[in-house]
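Okay, here's what each chain looks like letter by letter:
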Amino acid sequence: MEQQPEPSAQAPKIEDPAPTEVENAPVAEQPTQTSTKQVHSLVIDANAIIRNDPTVSTLLSQAEELYTIPAVVSEIRDEATRTRYQTTLAPFIKLRTPKPESMAFVTGFARRTGDLQVLSKPDLQLLALTYELEVERNGGDWRLRKDPTQKTVNGKPPAKEEEEAKTEEQDAVPEPTAEADAPATETTPEEVAQELEKVDLNPTPVEVEPEQAEAEEDDDEEGWITPSNIKKYQAKEKAGAGKQQTQRFLQAALITADMAMRNVALRINLNLLDTSLTKITFLKTWVLRCHGCWKVCKDTTKQFCPSCGQATLTRVSCSTDASGNFTLHLKKNFQFNNRGNVYSIPKPTHGSSNTKRIVGGGKNGWGNELILAEDQKEYVRKADEERRTKYKDLMDEDYLPSILSGSRTSGNGRIKVGAGRNVNAKKKR
């Protein structure tokens, strides 16, 4: 009897086509995963959550991951806002606390820019979290700045550094030349003389066609802007500006409305977005500048210079660009207001033991209890009163307006410093 082969040895294996279709299905869907969103890790400040601008649907459609710090959640005290946050945004947002190394870097950077005095601890934590995510996503801080005075970024992308290293290695390896491989041959003087006789020392001139000459002249004139080609140059500039404005995919970004946070973020070169999720590359704000010691104060609530202690602070416009350059915009012919400085301050008068009222301090006693320094006891007392009476109930029976109580506050709610502008001015009759 003939032995029949075992069917298991020769039978071909039949593969199930269903698993191959399941495995190939996700491959066709891969391009749609990274086609719409423009930010990978987006850090959100409390003002964006409280105002609901941008909305939750906009955040989810433009960012892959949302981050914030626990302190931001504790700042939401309104019941309606907290309920909206818990139901709509809390399931999609990640709470994360930055590392101490990131906090140390951001704190030191903000101290050198002068913004540390107006930044709170949650503000510094949000900046540190953005810095930390930027370093993690980009594989280092090569596109950031370590110092406010730094003109360029820290380095180049890791891919470009590897390519440059490879090209340097290739240039260092000497390439074999044909002269080294070919055997050396000696030439005799007779052969050299024969070769020289073959050379034509009087070549015939080449005739250039008129169209070719005009084309060469046009190429030479492309470097000059003339009335005939100015529109072409303007179109090129507009096309180049449009390419610069197009946004690429951002690895990490911060959305906030705080001007001090924006200034620090731009100077570090962190990606900064506004409420419409547009990248901010230019920032304009106001600071205080002392015209006595020329120092800049970022705290606009100050009335005295933190450096020299004088009431010589003036409001100045400033700007920060994408390169981290901080610029003060000063007037060319700025003149200080000297009203009230015609006459000197009268000497203060002392009291008397018999409780007799002595009138002094100039006309109507304008020189009495003048506030001229921040550490003066009159200023400290007025500041404490302002803090205690910050909330005024207009329906209170004991409440009196400032015009009746005689409180030394200016129209903008600040404490009156010095004699004022109208002391030496002539009154209209």
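Not measured: the values here are computed from a predicted model.

Draft legend 1. Fine view of the overall build of the protein. When you go through the protein residue by residue, the secondary structure sums to 16 helices and 9 strands. Here the protein, with 429 residues, has 26% of them falling under the buried criterion. Here the contacts in the protein between residues at least 6 apart in sequence split such that 62% fall between residues at least 24 apart.

Draft legend 2. Quick peek at the sheet that holds strand β5 (residues 272–273). Spatial strand order, β3-β2-β1-β4-β5: 5 strands in an open sheet with parallel pairing. Strands with a single pairing partner mark the edges of an open sheet, and in this sheet they are β3 (93–95) and β5. Pairing of strand β1 (residues 39–44) with strand β2 (residues 63–68), which is carried by 4 bridges, proceeds in the parallel orientation. What sits directly across from Ser 41, in β2, is Glu 65.

Draft legend 3. Geometry of empty space enclosed by the protein. Scanning the entire structure with this criterion turns up 1 cavity of 30 Å³ or more. Empty space within the largest cavity amounts to approximately 70 Å³. What lines the largest cavity is simply Ile 44, Ala 48, Ile 49, Asn 52, Asp 53, Pro 54, Val 56, Leu 59, Arg 84, Tyr 85, Thr 88 and Leu 89. Per-element tally for the lining of the largest cavity: the top contributor is helix α6 (residues 79–89), with 4 residues. Among the residues making up the lining of the largest cavity, the classes are represented as 8 nonpolar, 2 polar and 2 charged.

Draft legend 4. Region of interest: the UniProt feature "binding site: Zn(2+)" (unreviewed entry) in the protein. In the numbering used here, UniProt assigns the "binding site: Zn(2+)" (unreviewed entry) feature to Cys 290, Cys 293, Cys 305 and Cys 308. In terms of the greatest pairwise C-alpha distance, the residues named above, spread along 19 residues, form a tight cluster of at most 8.7 Å across. Here Cys 290 is to be found in strand β6 (residues 282–290). With residues near it in sequence (within four places) discarded, Cys 290 still touches Lys 295, Cys 305, Cys 308, Thr 312 and Leu 313. Structurally, Cys 293 is set in the loop between β6 and β7 (296–297). If we ignore the near neighbours within four places in the chain, the residues touching Cys 293 are Cys 305, Ser 307 and Cys 308.

Draft legend 5. Spatial organisation of the nonpolar core. One finds Leu 42, Ile 44, Leu 66, Leu 89, Leu 119 and Leu 127 to be the most contacted residues of the largest nonpolar core, which totals 50 residues. Top contributing element to this core by residue count: helix α8 (residues 121–138), with 7 residues. Not counting residues up to four positions away in its chain, the partners in contact with Leu 89 are Ile 49, Val 56, Leu 59, Leu 66 and Arg 84.

Draft legend 6. Region of the structure containing helix α14 (residues 259–268). With 9 of 10 residues buried, α14 is to be regarded as a mostly interior element. Every buried residue of α14 is listed here: Ala 260, Met 261, Arg 262, Asn 263, Val 264, Ala 265, Leu 266, Arg 267 and Ile 268. One side-chain oxygen of the residue at the start of α14 lies 3.1 Å from the amide nitrogen of Ala 260, identifying that residue as Asp 258. Trailing α14 by a residue or two, Asn 269 shows a phi angle of about 80 degrees, which is positive.

How each quantity is defined
Residues numbered from 1 in each chain as written. Predicted model: local features only at pLDDT ≥ 70, side-chain atom pairs only at ≥ 80, totals over all residues. Heavy atoms only, no water. Helix = DSSP H or I, 4+ residues; strand = E, 2+ residues; numbered from the N terminus. Buried < 20%, exposed > 50% of the residue type's maximum accessible area, 1.4 Å probe, protein only. Contact = heavy atoms within 4.5 Å. Pairing = 2+ DSSP bridges. 1 Å grid on protein atoms, 1.4 Å probe; cavity = no way out; pocket = protein on both sides within 12 Å on 5 of 7 lines; lining within 4 Å. Points joined across faces, edges and corners; volume = space filled by probe spheres on them. Nonpolar A, V, L, I, M, F, W, Y, C, P; charged D, E, K, R; others polar. UniProt positions renumbered as here; feature names shortened; annotations may be inferred. Core = buried A, V, L, I, M, F, W, Y, C linked by side-chain atoms within 4.5 Å. Polar contact = N/O pair within 3.5 Å; in protein donor to acceptor, adjacent residues only side chain to side chain.

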